[in-house]
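Each chain, letter by letter, is given below.
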Amino acid sequence: MNRTAGILLPITSLPSKYGIGCFSKSAYDFVDWLKEAGQCYWQILPLVPTSFGDSPYQSFSTYAGNPYFISLEELIEEGVLTKEECDEADFGDNPTDIDYEKMYFTRYPLLRKAYERSNISENQDYLKFLEENRWWLKDYALFMAVKGRFDGKPWTEWAEDIRLRWGNAMDYYRQELYFDIEFHQYLQYQFHKQWMKLKGYANSKGVKIIGDIPIYVAMDSADAWAHPELFQLDENNVPTAVAGCPPDGFAAEGQLWGNPLYRWDYHESTGYQWWMERLDYCFRLYDMLRIDHFRGFDEYYSIPYGATTAKGGTWLKGPGMKLFNRMREVLGQREVIAEDLGYVTDSVRQLVRDTGFMGMKVLEFAFDSRDTGSASDYLPHNYIENCIAYTGTHDNETLAGWFDSISAEEMSMARKYICDEYTPKKYLCRPFISLIMCSRANVCVIPIQDYLGYDNSCRMNKPSTVGTNWKWRITEAELSKDLRDEIYETARRYGRLGWQWKDAQ
């Protein structure tokens, strides 16, 4: 693999019209901008539908796409919506911030109008899509339709007959909610059609997509409802244990995520069939795949169900190489990034080496005055080639925000590393970006906020908080020619223009 570079920018953060980034013209313009900036990768966050808290890591489905990403402009071109209808809708008036409440109450009614005008049941491409995706779409569309009937309540609070998927209840709701089910199938068809078109365009320009999947699924998901046998649930489909992280320097009581844990013995007995289907599907959507919380495949943290904090959990062994050996048998060698939480045990390091996957190096983890024992792994002079280097990720502070929040001792450590004691902090983003760009890492991905030098007001996510995350958006003016040329020059300077894709470009 040659030296390359990319940009981290979620779809939601694109400067699309109508309140949220989507698969509209702005996405295609951004691909062109990336190409002209000499970038080979566009890294995004999970494309799945979001639930309470708007996090793409807590979704109603492992497979479904977020209906918010469907381009309304394209539906206007199809003739199922009018420009006037979309222009009159209230999506909020702040172009740099997403109002998810308005998005929910405004965008879905428009999408419903589009469906009702589409005559979709006679569309041969739609019927082909249904047939090819029936193995997950049938359950998902029913799940969403029934959720609507129960006023959005989690499936664990539905009537017993449909909660436990009794045959007569399944038949009843499929008939009773026929058009609601078809509506959700229509949304997935539109999502898939528009995304694959955009991905194809990006690839034609020499830009590869780095996708992202959470290791866990949400309890309130079609996956847990339709396949309880995959998870640690009792006979009433109540979890016996849930996922999270133990207490550390960032969270005194740990992190209680609440996701159901896998029955790894059951998955092994099936040859990890569910995982093979999931990964195969993801590799159709993305060119490279980042697996979130990779440590959980080595050891996972199990918290008794009903606990109010993560303090009482225990580490248990995950599937390890058995899963990834099976993946290689079924899917062949694929490009995978093993996500790194900043604290990695020797056994996790060994698992990453055994898989051959790319590890992650996050520069912000390198200067830790607590001396966790792993900080040196993140110093750029220690990077190996088979890794992907970041200044920070969507979960981290922006570089500028990090400069303001770390201790004086840590700031001194960072400055001494770059031999610069005097440059004002607001000008330090560039030299710190250069640190990882000149490293041995095969791939460097920079959040766009760091190139812009933005503070934590533009941070994407602060873990363990709800209500202020996943909202930031960029404007067209910020994606300027000057910024594009500067990013190109940075990639050129450090040999990261990725000429191996020049034919595509």
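An account of the accompanying structure is given in this report. (Residues numbered from 1 in each chain as written. Predicted model: local features only at pLDDT ≥ 70, side-chain atom pairs only at ≥ 80, totals over all residues. Heavy atoms only, no water.)

## A closer look at empty space enclosed by the protein
A full pass over the atoms with the stated rule returns five cavities of 30 Å³ or more. Lining the largest cavity are 24 residues, and of these Val48, Ser61, Thr62, Tyr63 and Pro214 lie nearest its centre. Where the lining of the largest cavity is concerned, the elements lending two or more residues are strand E3 (208-213) and helix H11 (273-285). With four residues, the single largest contributor to the lining of the largest cavity is H11. Taken together, the residues of the lining of the largest cavity break down into 16 nonpolar, five polar and three charged. Of the pockets and cavities examined, the second largest cavity occupies roughly 140 Å³. Surrounding the second largest cavity, 16 residues form its lining, Thr12, Leu45, Pro46, Pro56 and Phe69 being those nearest its centre. Partitioning the lining of the second largest cavity into residue classes produces twelve nonpolar, three polar and one charged. (1 Å grid on protein atoms, 1.4 Å probe; cavity = no way out; pocket = protein on both sides within 12 Å on 5 of 7 lines; lining within 4 Å. Points joined across faces, edges and corners; volume = space filled by probe spheres on them. Helix = DSSP H or I, 4+ residues; strand = E, 2+ residues; numbered from the N terminus. Nonpolar A, V, L, I, M, F, W, Y, C, P; charged D, E, K, R; others polar.)

## Thoughts on the sheet that holds strand E11 (residues 387-390)
On the basis of which strands lie adjacent, the closed barrel formed by eight strands has the order E1-E2-E3-E6-E9-E10-E11-E12 and parallel pairing. The average undirected angle you get between the axes of adjacent strands in this sheet is 30°. Bridge count for strand E1 (residues 4-8) against strand E2 (residues 41-43) is three bridges, and the pairing is parallel. When the sheet's bridge partners are listed, Leu8 is paired in E2 with Gln43. (Pairing = 2+ DSSP bridges. Axes fitted to C-alpha atoms, helices over the stretch in contact; angles between N-to-C directions.)

## Concerning the environment of Ile44
With respect to the secondary-structure elements, Ile44 resides in the loop between E2 and helix H2 (72-78). A residue is classified by how much of its surface remains accessible, and Ile44, at 0% relative accessible area, is buried. Sequence-wise, Ile44 and Pro431 are 387 residues apart; in three dimensions their C-alpha atoms are separated by 25 Å. In contact with Ile44, not counting residues within four places along its chain, are Leu8, Leu9, Pro10, Ile11, Trp195, Ile209, Ile210, Gly211, Asp212 and Tyr286. (Buried < 20%, exposed > 50% of the residue type's maximum accessible area, 1.4 Å probe, protein only. Contact = heavy atoms within 4.5 Å.)

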